[in-house]
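Structural overview for review
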Amino acid sequence: MAIRRLFAGLVIAILILGITSAATAETLNYKFYTRVVKSETFLIPDVDGHEVGLNVRDGVYAFENGDVAFGTTIVFFDRTKGVGSLNQYGTFTFRDGSTIVTHTVGTTGGTTGKVTGEIIHGTGRFQGIKGTVMIPEIKFFRLEKGESHPKSFGDGILNYTLPPK
């Protein structure tokens, strides 16, 4: 009888602790607009139009919950005639100083691109954040006179959990 009570008490304790300490998954949708502020491009002479390089993009991110962040994304690219791969690190900085850092990979196809990846770090209210990021379609503006790389815009999705407080 004592063993049953002990077992029942243990089960109840595990359930209570498990429920109260479980992190809840959340989704944040956002819209973004970015522009290139720094760029280095190197031609690779193996085939016509092959280039590799680095862009630094600054942008604004408007979240569906009303939050706004400014961001900087470092983009490494390898493309031929505008088509190729992207490898990016981005930081969202919110008004309260909290940040979310992401690492994404994807493709660019001239006028569009797409990336997926993970949330790798957070500070402030995002300390301990874990999750994923997806931008199903990055759209690029036409180049304007004097621009080396086009502005971009699109929609993104953050799926994440935060540790319990």
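Above this text you will find the structure in question.
Conventions used here
- Residues numbered from 1 in each chain as written.
- Predicted model: local features only at pLDDT ≥ 70, side-chain atom pairs only at ≥ 80, totals over all residues.
- Heavy atoms only, no water.
- Helix = DSSP H or I, 4+ residues; strand = E, 2+ residues; numbered from the N terminus.
- Buried < 20%, exposed > 50% of the residue type's maximum accessible area, 1.4 Å probe, protein only.
- Contact = heavy atoms within 4.5 Å.
- Areas by Shrake-Rupley, 256 points an atom, 1.4 Å probe, with all protein chains shown as cover.
- Phe/Tyr/Trp six-rings, centres within 6.5 Å; stacked < 30°, edge-to-face > 60°.
- Lys NZ or Arg CZ within 6 Å of the ring centre and 35° of its normal.
- Core = buried A, V, L, I, M, F, W, Y, C linked by side-chain atoms within 4.5 Å.
- Salt bridge = Lys/Arg side-chain N within 4 Å of Asp/Glu carboxyl O.
- Patch = residues over 30% accessible without salt bridge, like charges linked within 9 Å, V, L, I, M, F, W, Y side chains within 5 Å.
- Pairing = 2+ DSSP bridges.
- Axes fitted to C-alpha atoms, helices over the stretch in contact; angles between N-to-C directions.

A few points about the overall build of the protein chain
Helix and strand counts for the protein chain come out as 1 helix and 8 strands. Ordering the α and β elements of the protein chain from the N terminus gives α-β-β-β-β-β-β-β-β. In the protein chain, which comprises 165 residues, the proportion classed as buried is 33%. The contacts of the protein chain with a sequence gap of at least 6 include a subset with a gap of at least 24, amounting to 47%. Of the accessible surface of the protein chain, which amounts to about 10300 Å², a share of 62% is contributed by carbon and sulfur atoms.

Digging into the packing of aromatic side chains
Enumeration over the complete set of coordinates arrives at 11 aromatic pairs. When the centroid spacing of 6.4 Å and the interplanar angle of 50° are considered together, the rings of Tyr30 and Phe32 count as tilted. The rings of Tyr30, Phe32, Tyr61, Phe63, Phe92, Phe94 and Phe126 are connected pair by pair, giving a single aromatic cluster. Above the ring of Phe77, the side-chain terminus of Arg79 is found at 3.9 Å from the ring centroid.

Describing the nonpolar core
Generally speaking, soluble globular proteins have nonpolar side chains that are buried together. One finds Tyr30, Tyr61, Phe63, Phe92, Phe94, Ile100 and Leu158 to be the most contacted residues of the largest nonpolar core, which totals 22 residues. Broken down by secondary-structure element, the contributors of at least two residues to this core are β1 (26-43), β2 (50-63), β3 (68-80), β4 (83-94), β6 (112-123), β7 (130-140) and β8 (152-161). Counting residues per element, this core draws most heavily on β7, which supplies 4 residues.

Looking at the pattern of salt bridges
Pairs may arise between side chains of opposite charge once their charged atoms sit close together. Applying the stated rule across the entire model yields 7 salt bridges. As a salt-bridge pair, Asp48 and Lys81 come within 3.7 Å of each other at their nearest N and O atoms. Taken together, the residues span a long stretch of sequence, with Asp48 in the loop between β1 and β2 and Lys81 in the loop between β3 and β4 at a distance of 33 residues. Assigned by exposure class, Asp48 and Lys81 land together as exposed.

Details of a nonpolar patch on the surface
Residues Tyr33, Val60, Val68, Phe70, Phe141 and Phe153 make up a contiguous nonpolar surface patch of roughly 500 Å² in combined accessible area. By the element assignment, Phe141 lies in the loop between β7 and β8.

Here we look at the sheet that holds β8
Reading around the circumference, β1-β2-β3-β4-β5-β6-β7-β8 is the order of the 8 strands in this closed barrel, with antiparallel pairing throughout. Averaged over all neighbouring strand pairs, the angle between strand axes comes to 25°, with direction disregarded. Bridge count for β1 against β8 is 9 bridges, and the pairing is antiparallel. Residue pairing for β8: Thr27 is matched across the bridge by Asn159.

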